[in-house]
Protein chains: 2
Amino acid sequence: MNVEPRLNDIISALRGAAHRVTAAKRAVASVLVERSDHSTADEITRAVQRLRPEVSPSTVYRILEEFETLQLVVHAHVGHGATVYHLAGTVHGHLVCTNCGSTIEIPARHFDLLSGDLMKTYGFTLDRHHVAIAGLCADCAGDAATR
Amino acid sequence: MNVEPRLNDIISALRGAAHRVTAAKRAVASVLVERSDHSTADEITRAVQRLRPEVSPSTVYRILEEFETLQLVVHAHVGHGATVYHLAGTVHGHLVCTNCGSTIEIPARHFDLLSGDLMKTYGFTLDRHHVAIAGLCADCAGDAATR
DNA sequence: TTAGATGCAAAGACTTTGCGCACTT
DNA sequence: AAGTGCGCAAAGTCTTTGCATCTAA
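As a starting point, this report considers the structure included with it. (Residues numbered from 1 in each chain as written. Chains lettered and ligands numbered in written order. Predicted model: local features only at pLDDT ≥ 70, side-chain atom pairs only at ≥ 80, totals over all residues. Heavy atoms only, no water.)

## Focus: the pairing of strand 2 (residues 73–76) of chain A
Residues and elements named next belong to chain A.
- Of the two faces of strand 2, both are covered, the one formed by Val73 and His75 as well as the one formed by Val74 and Ala76.
- As defined by bridge partners, strand 2 adjoins strand 3 (residues 84–87) across four bridges and the pair is classed as antiparallel. Across the sheet, the residue bridging to alanine 76 is valine 84, located in strand 3. (Buried < 20%, exposed > 50% of the residue type's maximum accessible area, 1.4 Å probe, protein only. Helix = DSSP H or I, 4+ residues; strand = E, 2+ residues; numbered from the N terminus. Pairing = 2+ DSSP bridges.)

## Regarding the packing of helix 2 (residues 23–34) of chain A against helix 3 (residues 41–51) of chain A
All names here are of chain A.
- Where helix 2 contacts helix 3, the two axes come as close as 9 Å, and the packing angle between them is 115 degrees. Handedness of the crossing formed by helix 2 with helix 3: right-handed. Touching Ala27, Val28, Ser30, Val31 and Leu32 of helix 2 are Ile44, Ala47, Val48 and Leu51, all from helix 3.
- Its residues assigned to classes, the contact of helix 2 with helix 3 comprises eight nonpolar, one polar and no charged. (Axes fitted to C-alpha atoms, helices over the stretch in contact; angles between N-to-C directions. Left-handed = near helix turned anticlockwise from the far one by under 90°. Contact = heavy atoms within 4.5 Å. Nonpolar A, V, L, I, M, F, W, Y, C, P; charged D, E, K, R; others polar.)

## Some thoughts on helix 5 (residues 112–122) of chain B
- Those residues of helix 5 of chain B that sit buried are Leu114, Ser115 and Leu118 of chain B. For helix 5 of chain B, the angular spread of buried residues about the axis comes to 100 degrees, placing them on one side. For helix 5 of chain B, the exposed residues lying more than 90 degrees away from the buried face are Leu113 and Lys120 of chain B.
- As for helix 5 of chain B, its buried residues are in contact with strand 4 (92–97), strand 5 (103–107), helix 5 (112–122) and strand 7 (132–136) of chain A together with strand 6 (125–126) of chain B.
- Note on helix 5 of chain B: the residue one or two positions beyond its end, glycine 123 of chain B, has a positive phi of about 65 degrees. (Arc of directions from axis to C-beta.)

## So, the packing of helix 2 (residues 23–34) of chain B against helix 4 (residues 57–69) of chain B
Residues and elements named next belong to chain B.
- Where helix 2 meets helix 4, the closest approach of the two axes is 10 Å, and the angle between their N-to-C directions is 70 degrees. Here helix 2 is positioned roughly perpendicular relative to helix 4, judged by the angle of their axes. Together, Ala24, Lys25, Val28, Ala29 and Leu32 of helix 2 and Thr59, Val60, Ile63, Leu64, Glu66 and Phe67 of helix 4 make up the contact between the two elements.
- The residue makeup of the contact of helix 2 with helix 4, split by class, is eight nonpolar, one polar and two charged. (Parallel < 35°, antiparallel > 145°, perpendicular 65-115°, else oblique.)

Written out as structure tokens, the structure reads:
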């Protein structure tokens, strides 16, 4: 018992919002729960299709969008690649290496200072769920230095 | 005399790197110089075509890529939309409102603390040119509060 | 002269949309 | 029974690529 609760939370949220609970939604939800990391719509689709081969990509997109409006899921844009999705609740930022493409998740508290600064200076409300910072990861920076 | 210098700088950089100087590159360069703000490839293409209608979008993409490798231009990904490009030299970050889509340019110094923090904690080298922070601009945050 | 650049058109990657049938409620 | 959700296929947006031609050096 460690993934079940979240799955049921999602189902409950759907019912609570008077949205229908379908096989496709269950499958997407279970995939999101079992993959704690970020996934592209394509990765999610392929994982869902292992459970239910008939589910189409467009359905996955529609379900992800629905889950986002219910605040069950958040997405982020990490550089060139496709949009990535993950369950809400684990609020964090992303460091994306522009060289090797790897993504590091970091706790939201790293953005506390910046957040306050931007609010004070520009009245801008930073969205901690959605932050993606580009740069070089330690490995790639090292490579560059050695090269 | 205020746009000429930068245009010539670009031409010089091309020559210095033994790259060819063509009409299309001149047109892209002059468009980049006259638009100090960010532009998508499509906007740049349309502006270029006002000068030289025969220039194709693919050429613009290729030229932008070339200019990036020469560090004359940098790009950033601002949320859902297309990649935006601007001349290098004005190092800054971007605040992108997820509600109205507006972009605010902010000086790189806002990222100094975060940058040091990420380096210390993760060995991650933040790319100040490329940072796009999502959130709500002052107007949209106000609207949300009022609504 | 000749390597590199361009224009055009086609292909690609990712995402959205239209439509009729199926399934949840 | 009623209406939402789904699968499929087509369209859309942004970007890249192949190829024959043209051009800067």
